Amino acid sequence: MTIIDGKAVAALVREQVAERVAALGEQGKRVGLATLLVGEDEASQVYVRSKHRAAAEVGMYSYDVEMNADVSQDDVVGQIESLNVDSNIDGMIVQLPLPGALDGNAAVEAIDPKKDADGLHPYNLGLVMLERPLAIPATPYGIMRLLEHYEIETEGKTAVVVGRSFLVGRPLGILLGSKGVDCTVIQAHSRTKNMAELTASADIVVAAVGRPEFITKDMVKPGATVIDVGINRTAEGLVGDVAYDEVSEVAGAITPVPGGVGPMTVASLLVNTVTLAESRST
Ligand code: NAP
């Protein structure tokens, strides 16, 4: 059984990004990433800090914008628009979810798609659908890099993705089914009827549900690859969407939580940012 080491692969991806950032630097171009954090949610603060650390590590300039939770939607959009026209910024992220009544979708839509480091703008989601991506949603992108790194066979394989959010499940389903990857994808969700039967037939199971230990041993075919996207904060600490101990008895390969998909999300954000910087500088 292979434990898929997201931390190690993310370090490799960051090295590749650092080389690309350095190459742009030689042409006099500094790569800049901006983060916009609204409110004081502790988990969001941790995520944003880790993005700045990672950006610094690959030689990017990073810019931290923080706004109070009581700002208006117009204030948020105004801030995004000023980053859109800031020539020092190549990529930006709006840390989601936004607090209170603020509209996260509208905020993402205000981002210039050519600066959309999370790859969540409808324009970039559309390019993923058309199989000519620019910025790819960071978590699905990270998962695809993990499968590639571990040479997990995908062609003609059945992949069940549990979850259909626009952040994770839905774009991942598209990527897994795209030409060259060639999985046969089943996109499962809360209305799916025969869940255990479906997952037990899959060569690749992805859990992006947000329910602790949702995928159990009996739901996994021996030898299958199991990707756990879930991050659930419980009294027992951080728990994934997969019952790791029992599922690892049958899986052929599995991502741990933490140390699996999480580090790849941040690394993919950096890949998107340098890709956007390269496309702006040509
Ligand atoms: P989300 O927007 O809440 O979507 C959850 C999906 O799971 C929905 O499509 C929902 O179905 C489905 N679902 C919920 N309960 C279900 C059930 N009982 N049976 C089958 N499907 C069910 O969550 P998300 O943003 O995709 O995130 C999913 C998890 O990944 C969360 O734990 C989140 O914290 C984590 N996450 C991790 C990373 C990372 O970097 N590791 C990044 C992003 C998210 P419906 O559509 O029918 O409601």
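To be clear, the structure that these remarks concern was listed above.
Cut-offs and rules
All chains use their own residue numbering, which begins from 1 and follows the written sequence. Per-residue local features are limited, in this predicted model, to residues with pLDDT of at least 70; the limit for side-chain atom pairs, both in listing and counting, is 80 or more; totals at the level of whole chains, interfaces and linings are taken over all residues. Where side-chain values are given, they derive from all heavy atoms of the structure, hydrogens and water being excluded. Secondary structure elements follow DSSP: runs of H or I no shorter than four residues count as helices, runs of E no shorter than two count as strands, and numbering proceeds from the N terminus. Taken over C-alpha atoms, the radius of gyration is set against a globule rule of 2.2 Å times the number of residues to the power 0.38. In this scheme, a residue with accessible area under 20% of its type's maximum is buried, one over 50% is exposed, and one in between is partly exposed, where area comes from a 1.4 Å probe on protein chains only. The cutoff for a nearby residue is simple: one of its non-hydrogen atoms must lie within 4 Å of the molecule or strand. We define a polar contact as two N or O atoms separated by no more than 3.5 Å, with the added condition that, inside protein, one atom must be a possible hydrogen donor and the other a possible acceptor, whereas residues neighbouring each other in sequence contribute only through side-chain atom pairs. Values of accessible area rely on a 1.4 Å probe in the Shrake-Rupley scheme; residue burial ignores everything except the protein chains shown. Classification used: nonpolar for Ala, Val, Leu, Ile, Met, Phe, Trp, Tyr, Cys and Pro, charged for Asp, Glu, Lys and Arg, polar for all others including Gly. Contacts are assigned to residue pairs with any non-hydrogen atoms lying within 4.5 Å of each other. Classification of ring pairs rests on two measures: the distance between centres of Phe, Tyr or Trp rings, Trp counted by its six-membered ring, which must be within 6.5 Å, and the angle between planes, read as stacked under 30 degrees, edge-to-face over 60 and tilted in between. In this scheme, the term charge over a ring applies when either NZ of a lysine or CZ of an arginine sits within 6 Å of the ring centre and within 35 degrees of the ring normal. We define a salt bridge as a contact between a side-chain nitrogen of Lys or Arg and a carboxyl oxygen of Asp or Glu at a distance within 4 Å. Axis lines are fitted through C-alpha atoms, for helices just across the contact stretch, and the angle between N-to-C directions can take any value from 0 to 180 degrees. Angles below 35 degrees are treated as roughly parallel, those above 145 as roughly antiparallel, those between 65 and 115 as roughly perpendicular, and all remaining angles as oblique.

Observations concerning the overall build of the protein chain
Thought 1: Helix and strand counts for the protein chain stand at ten helices and eleven strands.
Thought 2: For 282 residues, the compact-globule formula gives about 19 Å, and the C-alpha radius of gyration of the protein chain, at 19 Å, lands near that figure.
Thought 3: Across its three principal axes, the protein chain shows a C-alpha extent of roughly 50 × 40 × 35 Å.
Thought 4: Within the protein chain, the fraction of its 282 residues that count as buried is 50%.

Quick word on the site of the ligand
Thought 1: Taken together, 22 residues are adjacent to the ligand, and Arg164, Ser165, Ser190, Arg211 and Thr265 come closest.
Thought 2: In this structure, a nitrogen atom belonging to the ligand sits 3.3 Å away from a main-chain N or O atom of valine 229.
Thought 3: Within the backbone of isoleucine 231, an N or O atom sits 3.1 Å from an oxygen atom of the ligand.
Thought 4: Across the complex, the protein chains shield 71% of the 930 Å² of accessible surface that the ligand would expose by itself.
Thought 5: Class assignment for the residues of the shell around the ligand results in ten nonpolar, ten polar and two charged.

Some points on helix α7 (residues 169-177)
Thought 1: Buried residues of α7: Gly169, Pro171, Leu172, Gly173, Leu175 and Leu176, and no others.
Thought 2: Close packing links the buried residues of α7 with α5 (122-129), α6 (138-149), β5 (158-162), β6 (184-188) and β7 (204-207).

As for the packing of aromatic side chains
Thought 1: Applying the stated criterion to the full structure yields zero aromatic pairs.
Thought 2: The positively charged end of arginine 30 is found above the aromatic ring belonging to tyrosine 61, 4.1 Å away from the centroid.

Notes on the pattern of salt bridges
Thought 1: Inspection of the entire model under this criterion finds seven salt bridges.
Thought 2: Across the salt bridge formed by aspartate 203 and lysine 221, the nearest N and O atoms sit 2.8 Å from each other. You can see aspartate 203 sitting in the loop between α8 (195-200) and β7 and its partner lysine 221 sitting in the loop between β7 and β8 (225-228), a full 18 residues away along the chain.
Thought 3: Each of Lys29, Asp90 and Arg280 takes part in salt bridges that share partners, so that together they form one network.

Overview of the packing of helix α1 (residues 6-26) against α6
Thought 1: In contact at an axis separation of 11 Å, α1 and α6 are set at 100 degrees when each is read in the N-to-C sense. It follows that α1 is roughly perpendicular to α6 by the angle criterion. Side by side, α1 and α6 meet where Gly6, Val9, Leu12, Val13 and Gln16 of the first sit next to Arg145, Leu146 and His149 of the second.

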